[in-house]
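Residue-level structure breakdown
Letter by letter, the chains look like this.
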Amino acid sequence: MLTHWAGLRIGWLRAPAGLVTELAGQRVVTDMGGSVLDQLLALDLLDRADALLPDRLQQLRDQRAALAQALTQHLPQWRWHLPPGGLSLWADLGEPIATALAEQAWEHGVRIESGAHFATDPGLFEQRLRIPYTAPPDTLREAAHRLATALPAAQSRPASSRRRPHWIA
């Protein structure tokens, strides 16, 4: 459902009946249940996928291309690969400054999370940034420009003053 709406949180499972039964039992213990509204919306989107998907996929490709071009222009020192799908691009910053950069980016009007925010252990992915390309192309170009503007301040912060990445289990 990511192709239709990034915030739509539904899922499904294809597995042997015994495993499905076991997992369903675990869900009852850990989850109050999925949103009925989200499920109804997803059903409608799936019913209309043939009509909606081509335009949506082209929109995502255009947004991804705009982000890639902006990163090449404003942050050529970063390494990244054009993802074949999904809704975000991972950039290697070349140094462990992702959390500091995310904090500086906030000061420049860009809300982004460091790669460490998505890691299983604190500090992991601290030199990576996950950049979604779900915004319009002009917004993505401006965000890349602002990230480039915020970068020197993030690089100049001593490592000891950088907020340690954390996660909650």
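For the structure, check the block above.
So, a few notes on the structure that sits alongside this text. (Residues numbered from 1 in each chain as written. Predicted model: local features only at pLDDT ≥ 70, side-chain atom pairs only at ≥ 80, totals over all residues. Heavy atoms only, no water.)

Re the overall build of the protein
Threshold: Secondary structure follows DSSP: runs of H or I at least 4 residues long count as helices, runs of E at least 2 residues long count as strands, and numbering of each begins at the N terminus. Only protein chains enter the accessibility calculation, which uses a 1.4 Å probe; a residue whose area is less than 20% of its type maximum is buried, one above 50% is exposed, and one in between is partly exposed. What makes two residues a contact is simply this: any of their non-hydrogen atoms within 4.5 Å.
Helices and strands together make up the secondary structure of the protein, namely five helices and three strands. Put simply, the protein runs from its N terminus to its C terminus through helices and strands in the order α-α-α-β-β-α-β-α. Residue burial in the protein is summarised as follows: out of 169 residues, 31% are buried. Sequence-distant contacts, at least 24 apart, represent 68% of the contacts inside the protein between residues at least 6 apart.

Some points on the packing of helix α3 (residues 49-74) against helix α5 (residues 137-156)
Selection criterion: The axes used here are C-alpha line fits, helices contributing only the stretch in contact, and every angle between their N-to-C directions lies in the interval 0 to 180 degrees. An angle counts as roughly parallel when it lies under 35 degrees, as roughly antiparallel when it exceeds 145, as roughly perpendicular when it falls between 65 and 115, and as oblique in every other case. Should the near helix be turned anticlockwise from the far one by less than a right angle, the crossing is left-handed, and should it be turned clockwise, the crossing is right-handed.
Closest axis-to-axis distance for the α3/α5 pair is 8 Å, and the angle between their directions is 25°. Relative to α5, α3 is oriented roughly parallel. Pair α3 / α5 crosses with right-handed handedness. Residue-level inspection shows Asp62, Gln63, Ala66, Leu67, Gln69, Ala70, Leu71 and His74 of α3 in contact with α5, the latter providing Pro137, Leu140, Arg141, Ala144, His145 and Ala148.

Quick word on the pairing of strand β3 (residues 128-132)
Our working definition: At least two bridges found by DSSP between two strands is the condition for calling them paired.
Covered by surrounding structure in β3 are Leu129 and Ile131 only, the residues Arg128, Arg130 and Pro132 on the alternate face being uncovered. Bridge analysis of strand β2 (residues 88-92) against β3 gives five bridges, and the strand direction is antiparallel. Considered in β3, the bridge of Ser88 is made with Pro132.

Some remarks on a nonpolar patch on the surface
For the record, the criterion: Residues enter patches when they are more than 30% accessible in relative terms and free of salt bridges; like-charged ones are connected within 9 Å and nonpolar ones (Val, Leu, Ile, Met, Phe, Trp, Tyr) within 5 Å. Residue burial considers only the protein chains on display, and all accessible areas are found by Shrake-Rupley using a 1.4 Å probe. Within this document, salt bridges are pairs made up of a side-chain nitrogen of Lys or Arg and a carboxyl oxygen of Asp or Glu, the two lying within 4 Å of each other.
Judged by side-chain polarity, Leu13, Leu19, Val20 and Leu23 come together as a nonpolar surface patch covering roughly 310 Å² of accessible area. The residue Val20 is located in helix α1 (residues 17-30) in this model.

Description of the environment of Gln104
With respect to the element layout, Gln104 can be found in helix α4 (residues 98-107). Residue Gln104 is classed as buried on the basis of its relative accessible area, which comes to 17%. Separated by 42 residues in the primary sequence, Gln104 and Arg146 place their C-alpha atoms 9.7 Å from one another. Residues within four places of Gln104 in sequence aside, it is in contact with Ala150, Ala153, Ala154 and Arg157.

Comments concerning the nonpolar core
Applicable threshold: For this analysis, a nonpolar core means a set of buried residues of the types Ala, Val, Leu, Ile, Met, Phe, Trp, Tyr and Cys, connected via side-chain atoms within 4.5 Å.
Counting residues in hydrophobic clusters, the biggest one holds 25 residues, and the most contacted among them are Trp78 and Leu101. Elements with a minimum of two residues in this core: α3, β2, α4, β3 and α5.

Structural notes on unusual backbone geometry
A negative phi holds for most residues other than glycine; trans holds for most peptide bonds. Phi is positive for Phe125, close to 70°, though the residue is something other than glycine. Here Phe125 is to be found in the loop between α4 and β3.

Focus on the packing of aromatic side chains
Applied cut-off: Planes of paired rings set the category: under 30 degrees apart is stacked, over 60 is edge-to-face and the rest tilted, where pairs are Phe, Tyr or Trp rings (Trp by its six-membered ring) whose centres lie within 6.5 Å.
The full count for this structure, using the stated rule, is two aromatic pairs. Between Trp90 and Phe118 the ring centres are 6.0 Å apart and the planes differ by 80°, which places this aromatic pair in the edge-to-face class. Of this pair, Trp90 sits in strand β2 while Phe118 is found in the loop between α4 and β3, placing the two residues 28 residues apart along the sequence. Look at Phe118 and you get partly exposed, because its relative accessible area is 36%. Among the aromatic residues, ring-to-ring pairing joins Trp90, Phe118 and Phe125 into one connected group.

Describing the sheet that holds β3
Overall, antiparallel pairing links the three strands, which are arranged β1-β2-β3 in an open sheet. Two strands lie at the open edges of the sheet, namely β1 (79-80) and β3, each paired on one side alone. Across two bridges, β1 lies against β2 in antiparallel orientation. Residue Arg79 lies in a different strand from β2, and its bridge partner there is Asp92.

So, to be careful, I would describe these as geometric facts and stop short of saying anything about function.
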